[in-house]
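What follows is the residue order along each chain.
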Amino acid sequence: MPRKARKYKKRKRGYRRRLCAPKKGCPRYSGTKQLFASCRPDVAGDDDFRGFDVAPLPPKPANEGICMLSLFDGIGTSILALDSIGIPVRKYYSSEVDEKANMVLKFNHSSRITMIGCVTTISNDTLESLDNINLLLGGSPCQQISRANPLKKGSQAPGSSASLFYEYVRIRDHLAKLAEDRKENFFWLFENTFCTDHVTLVEMTRCLGTHPAMRCASEYGSAMKRKMYWWGNIPHLHDLPKSQVEYPNLQDFLMPYRSAGVPLLPTLTSTFHSQLCGKEKSLPVIEGTQRAPLLLTEMEELFGVGRHYTDVGISQSDRWRLLGNAWAVPVVVDILKHLKAEFCKAASVD
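Basis of the calculations
Residues numbered from 1 in each chain as written. Predicted model: local features only at pLDDT ≥ 70, side-chain atom pairs only at ≥ 80, totals over all residues. Heavy atoms only, no water. Pairing = 2+ DSSP bridges. Helix = DSSP H or I, 4+ residues; strand = E, 2+ residues; numbered from the N terminus. 1 Å grid on protein atoms, 1.4 Å probe; cavity = no way out; pocket = protein on both sides within 12 Å on 5 of 7 lines; lining within 4 Å. Points joined across faces, edges and corners; volume = space filled by probe spheres on them. Nonpolar A, V, L, I, M, F, W, Y, C, P; charged D, E, K, R; others polar. Core = buried A, V, L, I, M, F, W, Y, C linked by side-chain atoms within 4.5 Å. Buried < 20%, exposed > 50% of the residue type's maximum accessible area, 1.4 Å probe, protein only. Contact = heavy atoms within 4.5 Å. pLDDT = per-residue confidence, 0-100. Polar contact = N/O pair within 3.5 Å; in protein donor to acceptor, adjacent residues only side chain to side chain. Axes fitted to C-alpha atoms, helices over the stretch in contact; angles between N-to-C directions. UniProt positions renumbered as here; feature names shortened; annotations may be inferred. Phe/Tyr/Trp six-rings, centres within 6.5 Å; stacked < 30°, edge-to-face > 60°.

Per an unreviewed UniProt entry, the recorded name for the protein chain is DNA (cytosine-5-)-methyltransferase, and the organism is Thrips palmi.

Enquirer: How should I be thinking about the sheet that holds strand β10 (residues 290-292) in this particular structure?
Expert: Sheet strands line up and pair through hydrogen bonds in the backbone, either parallel or antiparallel. The strand order across the open sheet formed by three strands is β8-β9-β10, and the pairing between neighbours is antiparallel. Since the sheet does not close on itself, it has two edges, and those belong to β8 (259-260) and β10, each with one partner. Two elements, strand β9 (residues 285-287) and β10, share three bridges in a ladder whose sense is antiparallel. Residue pairing for β10: Val285 is matched across the bridge by Ala292.

Enquirer: So what exactly am I meant to see when it comes to empty space enclosed by the protein here?
Expert: Rolled over the atoms, a probe with the dimensions of a water molecule shows which regions are left empty. Tallied over the entire structure, the rule returns one cavity of 30 Å³ or more. Put simply, the largest cavity is a space of about 50 Å³. For the largest cavity, the full set of lining residues is Glu191, Arg215, Ala217, Arg226, Met228, Trp230, Trp327, Ala328 and Val331. In terms of residue class, the lining of the largest cavity is made up of six nonpolar, no polar and three charged.

Enquirer: Would you take a moment to explain the nonpolar core for this structure?
Expert: Where a protein is soluble and globular, its nonpolar side chains tend to be buried together. Among the nonpolar cores identified, the biggest contains 59 residues, and Leu135, Trp230, Leu265, Leu294 and Leu336 are the most heavily contacted of them. For this core, the element with the highest residue contribution is helix α11 (residues 329-336), accounting for six residues. Ignoring sequence-local partners within four residues, the contact set of Leu336 consists of Leu82, Ile85, Ile87, Leu137, Leu189 and Ile234. Core analysis: the next-biggest nonpolar cluster, separate from the first, contains 28 residues, Leu69, Leu127, Leu136 and Leu208 among them.

Enquirer: Before we go on, may I ask you to explain the pairing of strand β7 (residues 227-232) in this structure?
Expert: Working note: regular strand, side chains alternate between the two faces of the sheet. By the criterion of burial, β7 is predominantly enclosed, with five of the six residues buried. Pairing of strand β6 (residues 213-216) with β7, which is carried by four bridges, proceeds in the antiparallel orientation. When the sheet's bridge partners are listed, Ala213 is paired in β7 with Trp230.

Enquirer: Please clarify how the confidence of the model for the protein chain should be interpreted in this entry.
Expert: For residues with low pLDDT, the predicted coordinates do not support detailed interpretation. Averaged over every residue, the pLDDT of the protein chain is 81; the share at 70 or more is 73%. In the model of the protein chain, helix α3 (residues 41-44) stands out as the element of lowest mean pLDDT, 46, in contrast to strand β4 (residues 135-138), which has the highest, 96. Contacts of residues 35-47 to residues separated by more than four positions or lying in other chains number 10 contacts, the stretch itself having pLDDT below 50.

Enquirer: Teacher, can you tell me more about helix α9 (residues 296-303) here?
Expert: For α9, the buried fraction is high: seven of the eight residues fall into the buried class. On its buried face, α9 sits against α10 (316-324) and α11. Positioned one or two residues after α9, Gly304 has a phi angle of 80 degrees, which is positive.

Enquirer: Sorry, what's going on with the side chain of Asp318 here?
Expert: Mapped onto the elements of the fold, Asp318 is located in helix α10. Taking relative accessible area as the criterion, Asp318 reaches 15% and is therefore assigned buried. A polar atom in the side chain of Asp318 sits 3.0 Å from the side chain of Ser315.

Enquirer: Please explain the sheet that holds strand β2 (residues 89-95) as it appears in this structure.
Expert: Strand order in this open sheet of seven strands is β3-β2-β1-β4-β5-β7-β6, and the pairing throughout is mixed. Edge positions in the open sheet fall to β3 (113-115) and β6, since each of these has one partner strand only. Taking each pair of neighbouring strands and ignoring which way they run, the sheet shows an average axis angle of 25 degrees. As judged from the five bridges shared by strand β5 (residues 187-193) and β7, these two strands associate in the antiparallel manner.

Enquirer: Teacher, can you tell me more about the UniProt feature "active site" (unreviewed entry) in the protein chain here?
Expert: With numbering matched to this structure, UniProt assigns "active site" (unreviewed entry) to Cys142. Among the structural elements, Cys142 can be located in the loop between β4 and α7 (165-182). Excluding anything up to four places from it in sequence, Cys142 contacts Asn192 and Thr193.

Enquirer: Looking at this model, I keep getting lost on the packing of aromatic side chains. Mind explaining?
Expert: Using the criterion set out here, one finds eight aromatic pairs in the structure. When the centroid spacing of 4.8 Å and the interplanar angle of 50 degrees are considered together, the rings of Tyr168 and Phe190 count as tilted. Here the residue Tyr168 occupies a position in helix α7, and Phe190 occupies one in strand β5, the gap between them amounting to 22 residues. Accessibility expressed as a relative area gives 0% for Tyr168, which makes it buried.

Structural data, given as structure tokens:
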């Protein structure tokens, strides 16, 4: 026998409103109104009110961090080194013309970076319009002065990319003068290839006004030989690297299913064949029973930028080229780590 449908009493209009209304004879609660009135100094007369037992946030210093300019910035390994050291960067100006490199920069540092175009278009007025630069970094193109290039033009030939070195010198000299007028410290660092002829090396040393220091990436935890010359006024730049107890091995940078055919790689450049090892010119990795090249993620680990750092929608050949032109982050970290004490000292004096 089917159950009879239950009849519900039809509620009158305004039923819910009456449920929330106070009973007859009870005063309305005015605590909420008094609470908000106490939070208003103009109503309550309490000018010292600062919130409900919450300490005010400390004011952020206006000059927190350094202001840096990176010429020939590439994929931004200099900012990665400063972040690794723990030096805060207030302003990050970048000068780079390679479109693929700018894609990597914008993807990884879009909220921090300010791009100022090619070095040839950076005038003295542009430099004076920037914030006070504390640190200048850069490494001009080296393809036209490297001994590995049989068709090199040299640094003074018309149309040679190596002539951009003189733009770095011009910008450095003007920034140094501005810092001297402000009576502030100004640090600079310049890098170029170790594989250069003696005439070019002497010319660079003369223009920069200081002798270079040679650093190899294998001495700082990377399993590749990558010798570079470094000029600058960074403290302890010419100190010899500390001896390592455990030397880096290529196996530490490979995926688990791949084996290293050699313990140490040669100098990796922007060309694919630079990874060929030994007299046999064999590939450095053993995968199964065959020789195999490096993966891009493994190469990124060797340079210290982290896996998939350059994976921003560009081709594999472009990623390889950008990495081959980049700085090895562990080397830059060892050079710039002495600036942390310098900037902390300057902040405490101020």
